[in-house]
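Architecture at a glance
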Amino acid sequence: MSVLGLGRMGSALATALVGEGYDVTVWNRTPKTLPGARSVATPEEAFETDVVVTCLSTYEVQQPLLSKNIKTLVNLTSGTPEQARATAEWARQHGVEYVDGVIMAVPQQIGTEQARILYSGQSTHHVLDAFGEPVHLGEDARLAALYDLALLGIMWSVFGGYLQAQALVQTAGVTPQQFTPLATDWLATVGTFLPEMGEQTAHRNYETEVSALDINVEGLRLLTRANEEQGLDVTVPQALHGLFQRAQSNGHGAHSIASVIEEIRK
Ligand SMILES: NC(=O)c1ccc[n+]([C@@H]2O[C@H](COP(=O)([O-])OP(=O)(O)OC[C@H]3O[C@@H](n4cnc5c(N)ncnc54)[C@H](OP(=O)(O)O)[C@@H]3O)[C@@H](O)[C@H]2O)c1
């Protein structure tokens with residue numbers, strides 16, 4: 001078993017494999033050692049093992065390192081769905097068994113059940129069990145990268161909104177300790193709206209008895225103005241206001257917020 005890439009995540013993966021009792025070989029561009037593992041000077045030496053786990057910064061960095069001498073490749077480098085598809089195709093053409101996965105966790109969670117490893121494609125490998133909870137998404141190799149970026153997109157939007165909120169409440173001297181409990185409760189409530197919203201995006205039926213887009217466009221106008229009044233950056237609320245406003249102009253004012261997806265699909 002080999003791990004290519006001993007960055008923050010690669011080191012955690014290799015450490016988990018050592019902990020599970022695997023015979024582990026590691027390679028890193030900048031020579032590094034890892035307790036319990038054998039370091040090699042070239043990727044080619046790592047390819048002699050039965051399984052090669054890759055965890056490098058990008059596919060661009062990873063691609064030139066790959067070789068048809070790899071027997072089974074467990075690719076845990078983050079990339080786009082198209083990059084995953086192309087790598088799966090490369091593996092198929094070169095007779096390399098291929099598992100495409102993404103890690104929905106931080107290095108400190110690797111080896112615990114909090115680390116969800118999403119994977120897709122036609123192959124699986126029990127090595128994923130050493131890293132956390134593997135979840136197979138389907139045979140299409142693009143799926144893991146697709147879910148990864150979709151879920152991270154939600155996370156980054158939430159973080160952007162949270163940081164904007166912190167900046168805003170702090171202008172009135174509110175502390176993070178005072179505000180954050182309400183924010184986390186509110187996020188839990190917001191999460192309960194997602195199943196209905198998801199259904200509406202699938203059926204493209206945006207009737208609502210809850211909250212019309214019109215009132216949300218007005219709310220975003222107020223949010224942008226409140227941030228401006230405090231001299232804060234308004235990139236995030238302004239972008240959302242612009243997007244929601246376009247959906248409103250295109251006839252969705254009385255519809256639910258889910259109708260905004262019609263603008264995004266353009
Ligand atoms: N950290 C996280 O919380 C996290 C969570 C989920 C997924 N991931 C994914 O895991 C992957 C690795 O992330 P990380 O946090 O471990 O990053 P990192 O700490 O920055 O490590 C990057 C790794 O890539 C190697 N590398 C960079 N450029 C290279 C090149 N030109 N040739 C060969 N090796 C090169 C680095 O080698 P050197 O040591 O020589 O620079 C290092 O081993 C990424 O795809 C990331 O999206 C990370």
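Residues numbered from 1 in each chain as written. Predicted model: local features only at pLDDT ≥ 70, side-chain atom pairs only at ≥ 80, totals over all residues. Heavy atoms only, no water.

Check the secondary structure of the chain and you find 10 helices and eight strands. For the C-alpha atoms alone, the extent of the chain along its principal axes is close to 60 × 45 × 30 Å. Expressed as a percentage of the 266 residues in the chain, the buried residues total 40%. Expressed as a percentage of contacts within the chain between residues at least 6 apart in sequence, the contacts between residues at least 24 apart total 48%. Counting only carbon and sulfur atoms, one obtains 56% of the accessible surface of the chain, whose full area is about 14800 Å². Once the 16 positive and 29 negative side-chain charges of the chain are each reduced to a mean point, those two points are 7 Å apart. (Helix = DSSP H or I, 4+ residues; strand = E, 2+ residues; numbered from the N terminus. Buried < 20%, exposed > 50% of the residue type's maximum accessible area, 1.4 Å probe, protein only. Contact = heavy atoms within 4.5 Å. Areas by Shrake-Rupley, 256 points an atom, 1.4 Å probe, with all protein chains shown as cover. Lys, Arg positive; Asp, Glu negative; His and termini not counted. Charge placed at Lys NZ, Arg CZ, Asp CG, Glu CD.)

A few words now on the packing of helix 8 (residues 213–229) against helix 9 (residues 235–252). Packing of helix 8 against helix 9 brings their axes to within 9 Å, and their N-to-C directions diverge by 155°. As the angle between them shows, helix 8 and helix 9 are arranged roughly antiparallel. Crossing hand, helix 8 versus helix 9: left-handed. Across the interface between the two elements, L213, D214, N216, V217, L220, R221, L223, T224, N227 and E228 from helix 8 touch P237, Q238, L240, H241, F244, Q245, A247, Q248 and H252 from helix 9. The class makeup of the residues in the contact of helix 8 with helix 9 is eight nonpolar, eight polar and three charged. (Axes fitted to C-alpha atoms, helices over the stretch in contact; angles between N-to-C directions. Parallel < 35°, antiparallel > 145°, perpendicular 65-115°, else oblique. Left-handed = near helix turned anticlockwise from the far one by under 90°. Nonpolar A, V, L, I, M, F, W, Y, C, P; charged D, E, K, R; others polar.)

Time to look at unusual backbone geometry. Among all residues except glycine, the phi angle is most often negative; among peptide bonds, the trans geometry is most common. Phi is positive for R204, close to 55°, though the residue is something other than glycine. Relative to the assigned elements, R204 resides in the loop between helix 7 (194–203) and helix 8.

Moving on to helix 5 (residues 143–170). Counting along an α-helix, one turn takes 3.6 residues, and residues three or four places apart therefore face a common direction. For helix 5, with 28 residues, the first-to-last C-alpha span of 40 Å sits near the 40 Å given by 1.5 Å per residue. Elements that come into contact with the buried residues of helix 5 comprise helix 4 (81–93), strand 6 (97–104), strand 7 (116–120), helix 6 (176–191), helix 8 and helix 9. (Expected span 1.5 Å × (residues − 1).)

Next up on the list: the domain arrangement of the chain. What the domain assignment lists for the chain is domain 1 (2–140) and domain 2 (147–265). For domain 1 versus domain 2, the distance between C-alpha centres works out to 36 Å. Domain 1 puts eight residues into the contact, and the matching count from domain 2 is five residues. Carbon and sulfur atoms make up 77% of the area that domain 1 and domain 2 hide from each other, which totals about 460 Å². Connecting domain 1 to domain 2 are zero salt bridges. Linking domain 1 to domain 2 there are zero residue pairs in polar contact (both at pLDDT 80 or more). (Domains from an automatic or database assignment. Buried area = accessible area lost by both parts, 1.4 Å probe. Salt bridge = Lys/Arg side-chain N within 4 Å of Asp/Glu carboxyl O. Polar contact = N/O pair within 3.5 Å; in protein donor to acceptor, adjacent residues only side chain to side chain.)

Let us now look at the environment of T25. By the secondary structure assignment, T25 is in strand 2 (residues 25–27). On the basis of relative accessible area, T25 is assigned to the buried category, the value being 4%. Spatially, the C-alpha atom of T25 lies 10 Å from that of V53, the residues being 28 residues apart in sequence. Ignoring anything within four residues of it in the chain, the contact list for T25 reads M1, S2, V3, R38, V40, A46 and T49. Here R38 takes part through its side chain, which lies 3.2 Å from a polar atom of the side chain of T25.

Not every one of the 19 residues close to the ligand is listed here, only the nearest: R8, M9, N28, T30 and S78. Here R29 contributes a side-chain N or O atom positioned 2.9 Å from an oxygen atom of the ligand. One nitrogen or oxygen atom from the main chain of L56 is found 3.1 Å from an oxygen atom belonging to the ligand. No other element matches the three residues that helix 1 (residues 8–19) contributes to the shell around the ligand. Tallied by class, residues from the shell around the ligand come to nine nonpolar, eight polar and two charged. (Near = heavy atom within 4 Å.)

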